[in-house]
Protein chains: 2
Amino acid sequence: MSTEKSFAKGSAAPGPVPKDHIRLYSMRFCPFAQRTRLVLHTKGIKFETINIHLKEKPEWFFQKNPLGLVPVLETPAGEIICESSITSEYLDEAYPEKKLLPSSAYAKAQQRMMLEHFSKIIPFFYRIPSAKRNGEDVSGMEAELKEKLGKLNEELVQKKTKFFGGDSITMIDYMMWPHFERTEVYGVQNCLEHTPELKKWMGRMLEDPAVKATMFSKEAHEAFYKSFIDGKPDYDYGL
Amino acid sequence: MSTEKSFAKGSAAPGPVPKDHIRLYSMRFCPFAQRTRLVLHTKGIKFETINIHLKEKPEWFFQKNPLGLVPVLETPAGEIICESSITSEYLDEAYPEKKLLPSSAYAKAQQRMMLEHFSKIIPFFYRIPSAKRNGEDVSGMEAELKEKLGKLNEELVQKKTKFFGGDSITMIDYMMWPHFERTEVYGVQNCLEHTPELKKWMGRMLEDPAVKATMFSKEAHEAFYKSFIDGKPDYDYGL
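Here the structure is a predicted model, which is why all the values come from computation and not from measurement. (Residues numbered from 1 in each chain as written. Chains lettered and ligands numbered in written order. Predicted model: local features only at pLDDT ≥ 70, side-chain atom pairs only at ≥ 80, totals over all residues. Heavy atoms only, no water.)

**Student:** Looking at this model, I keep getting lost on the overall build of chain A. Mind explaining?
**Tutor:** When you go through chain A residue by residue, the secondary structure sums to 11 helices and four strands. Taken along its principal axes, the extent of the C-alpha atoms in chain A is 50 × 45 × 30 Å. In chain A, which comprises 239 residues, the share counted as buried stands at 50%. Carbon and sulfur atoms provide 53% of the accessible area of chain A, an area that totals close to 11000 Å². Both charge centroids of chain A, one from 34 positive and one from 33 negative side chains, sit 1 Å from each other. (Helix = DSSP H or I, 4+ residues; strand = E, 2+ residues; numbered from the N terminus. Buried < 20%, exposed > 50% of the residue type's maximum accessible area, 1.4 Å probe, protein only. Areas by Shrake-Rupley, 256 points an atom, 1.4 Å probe, with all protein chains shown as cover. Lys, Arg positive; Asp, Glu negative; His and termini not counted. Charge placed at Lys NZ, Arg CZ, Asp CG, Glu CD.)

Next up, the structure:
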């Protein structure tokens, strides 16, 4: 689309998906939608983006995903794919150039197990700042997050690889990245104090063209996050 | 293994996985492990089973899966695969005869979306009986479950197919079956009152050789479930 501005309640539904393109329904600051954006970028897939105002969702968006969540992919044939990890695997299979998932069944299972494991870390990135805002003691949660991040660090130490799936970026790195991009914004960077390999991994990720193409500055993340916390998310911040 | 009896705390660790076999760590009545058992059976994969006493877990089992959960697969090479849906996809890829997942990227994504959707139904099968035992009002939860099962029913109506992935059984049917096998035991069969197509699907599933090979009678399920509720799960019931 010619605009990156979010489509809100009352907006007209977009027309059909242009041929030879895939459409992504997204929200610019959503870490889950960023997973799909990373995959689209790194694989060089032609896509257009329609950003959704997640607080005042367009009525027509529920026809795309009854749950009203992003990311959602739509093909020119009208096929709909939801859920960040499912959209990512779909893209890797539908666009086989530059495969992000390994070909062996076991290596693929390992990536899925890592993702499953990481999905249990994600809630800490939300619960810790939320508890802090409520003036609660977060030391227990922080200790748990430190332990979990320590295990991720250990995994890199054991593997002696630059990334989680080997010496080049694979799917699992892109699935984990968006939440690491936001550790400062979540105020959990102190939990990364004793994870030198993980920090090196973050440094390497920052060099990746797809990461560069999809990321926001700390300032932009903070401005959006503040507006989100204040109950008035500025989905169009910076446009 | 020569025994189906569960391995408990203090038991000796089993030896290496026999060549040309895969090993499943399981629990006979576990619906998630049954997913893997269904895939192993229907694909005719040579496997051995080691049942785990989930209340008094063997110390060595945590070396297989630090979370201590079943199902777990172990290959002769010592590769470990955890999580029911990951073990199932692994088996389908590692043993390509009689594929259970469709080959097209979109059809595969559809199965994953259905599974994701179904994973949000599963908690009702546990919460409703638990709330009933506590004398709580379950009418709200039952209404929600009815609505969700109604949507599954509607999916079969719309698709006009015998199974969820077409006119023959595919992965998604096996992923959903184990919880349906237990609807009577969970005491939620009343939520299936207005789902005639879903009931027909259940009837068709009961004819499947892999379902027949892995299922337990209502009586066995009830006996195990009672022992489980009483805090003394009889993992070896009927042996």
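Following the structure, the description resumes.
**Student:** Teacher, can you tell me more about helix H11 (residues 218-229) of chain B here?
**Tutor:** Every α-helical turn comprises 3.6 residues, leaving residues that sit three or four positions apart pointing alike. Residue and element names in this part refer to chain B. Here H11 contains 12 residues, and its C-alpha end-to-end distance of 16 Å stays within 8% of the 16 Å for a straight helix at 1.5 Å per residue. Within H11, burial applies to Ala 220, His 221, Phe 224, Tyr 225 and Ser 227. End-on, the buried residues of H11 take up no more than an arc of 160°, which puts them together on one face. With respect to the buried face of H11, the exposed residues turned more than 90 degrees away are Glu 219 and Lys 226. Buried positions along H11 lie against helix H5 (122-133), helix H7 (171-181) and helix H8 (183-186). Positive backbone phi, at 85°, marks Gly 231, one or two positions downstream of H11. (Expected span 1.5 Å × (residues − 1). Arc of directions from axis to C-beta. Contact = heavy atoms within 4.5 Å.)

**Student:** Quick question: what am I supposed to make of the sheet that holds strand E1 (residues 22-26) of chain B here?
**Tutor:** Remark on secondary structure: sheet strands pair via backbone hydrogen bonds, oriented parallel or antiparallel. Residue and element names in this part refer to chain B. Read across the open sheet, the four strands follow the order E2-E1-E3-E4; overall the sheet is mixed. Each end of this open sheet is capped by a strand with a single partner; those strands are strand E2 (47-51) and strand E4 (80-82). Going from strand to strand, the sheet's axes swing by 20° on average, the running direction of each strand aside. Pairing between E1 and strand E3 (residues 72-74): three bridges, direction antiparallel. Paired with Tyr 25 across the bridge in E3 is Val 72. (Pairing = 2+ DSSP bridges. Axes fitted to C-alpha atoms, helices over the stretch in contact; angles between N-to-C directions.)

**Student:** How should I be thinking about the state of the cysteines in this particular structure?
**Tutor:** Enumeration according to the criterion identifies zero disulfides over all chains in this entry. Left unpaired, A:Cys30 is separated from the closest cysteine sulfur, that of A:Cys82, by 13 Å. (Disulfide = S-S within 2.5 Å.)

**Student:** When you look at the sheet that holds strand E2 (residues 47-51) of chain A in this model, what are you seeing that I'm missing?
**Tutor:** Residue and element names in this part refer to chain A. Spatial strand order, E2-E1-E3-E4: four strands in an open sheet with mixed pairing. Both edges of this open sheet fall to E2 and strand E4 (80-82), since each of them pairs with a single strand only. Here the average twist between neighbouring strands, direction ignored, is 20°. By the bridge criterion, three bridges tie strand E3 (residues 72-74) to E4 in an arrangement that is antiparallel. Bridged to Val 72 within E4 is Cys 82. Against the sheet, helix H1 (residues 31-42) makes contact with strand E1 (22-26), E2 and E3, and its axis sits at roughly 155° relative to E1, the strand it touches most. Packed on one face of the sheet, helix H3 (residues 84-94) meets E1, E3 and E4 and runs near 130° to E4.

**Student:** Would you mind going over the relation of the copies chain A and chain B with me for this structure?
**Tutor:** Note on the chain copies: they are related by a rotation about an axis and a translation along it. Here chain A sits on chain B after a turn of 180° about the axis and a move of 0.0 Å along it, with an RMSD of 0.0 Å. Put plainly, the chains are arranged around a two-fold axis. Both copies contact each other with a shared surface, as 100% of the interface residues of chain A are interface residues in chain B too. (Least-squares fit on C-alpha atoms with pLDDT ≥ 70 in both.)

**Student:** Hey, could you run me through the interface of chain A and chain B in this one?
**Tutor:** You'll often see interface size given as the accessible area lost when the parts meet. Contact residues are listed per partner, giving 19 residues for chain A and 19 residues for chain B. The largest per-residue losses of area from chain A upon contact with chain B belong to A:Ile86, A:Tyr106 and A:Arg112, which jointly make up 31% of the total buried on that side. Viewed at the interface, chain B and chain A are joined by eight salt bridges. A salt bridge links A:Glu93 to B:Lys108, with the nearest nitrogen and oxygen atoms 3.3 Å apart. (Buried area = accessible area lost by both parts, 1.4 Å probe. Salt bridge = Lys/Arg side-chain N within 4 Å of Asp/Glu carboxyl O.)

**Student:** Looking at this structure, I do not really get the pairing of E1(A). What am I missing?
**Tutor:** One face of the sheet, then the other: side chains in a regular strand alternate in exactly this way. Residues and elements named next belong to chain A. With respect to burial, E1 is a largely interior element, five of its five residues being buried. Alternating residues of E1 divide into Ile 22, Leu 24 and Ser 26 and Arg 23 and Tyr 25, and every residue in both groups is buried. In terms of handedness, the path from E1 via H1 over to E2 forms a crossover that is right-handed. (Right-handed = clockwise from strand over helix to strand, strands pointing away.)

**Student:** Could you clarify how one ought to interpret the pattern of salt bridges in this entry?
**Tutor:** Oppositely charged side chains may form a pair once their charged atoms are brought near each other. Counted by the stated rule, this structure contains 34 salt bridges over all chains. Taking the shortest distance from any N to any O, the salt bridge between A:Lys43 and A:Asp92 comes out at 2.6 Å. Placement of the pair is A:Lys43 in the loop between H1 and E2 and A:Asp92 in helix H3, with a sequence separation of 49 residues. When its relative accessible area of 8% is taken as the criterion, A:Lys43 is described as buried. Here A:Asp92 falls in the buried class, since its relative accessible area comes to 0%. What emerges from the salt-bridge pattern is a single network uniting A:Glu89, A:Glu93, A:Lys108, A:Arg112, B:Glu89, B:Glu93, B:Lys108 and B:Arg112.

**Student:** Sorry, what's going on with the UniProt feature "domain: GST C-terminal" (unreviewed entry) in chain A here?
**Tutor:** The UniProt record marks residues 104-228 of chain A with the feature "domain: GST C-terminal" (unreviewed entry), using the residue numbering of this structure. Summarising residues 104-228 of chain A: 73% helix, 0% strand, and an end-to-end C-alpha distance of 42 Å. (UniProt positions renumbered as here; feature names shortened; annotations may be inferred.)

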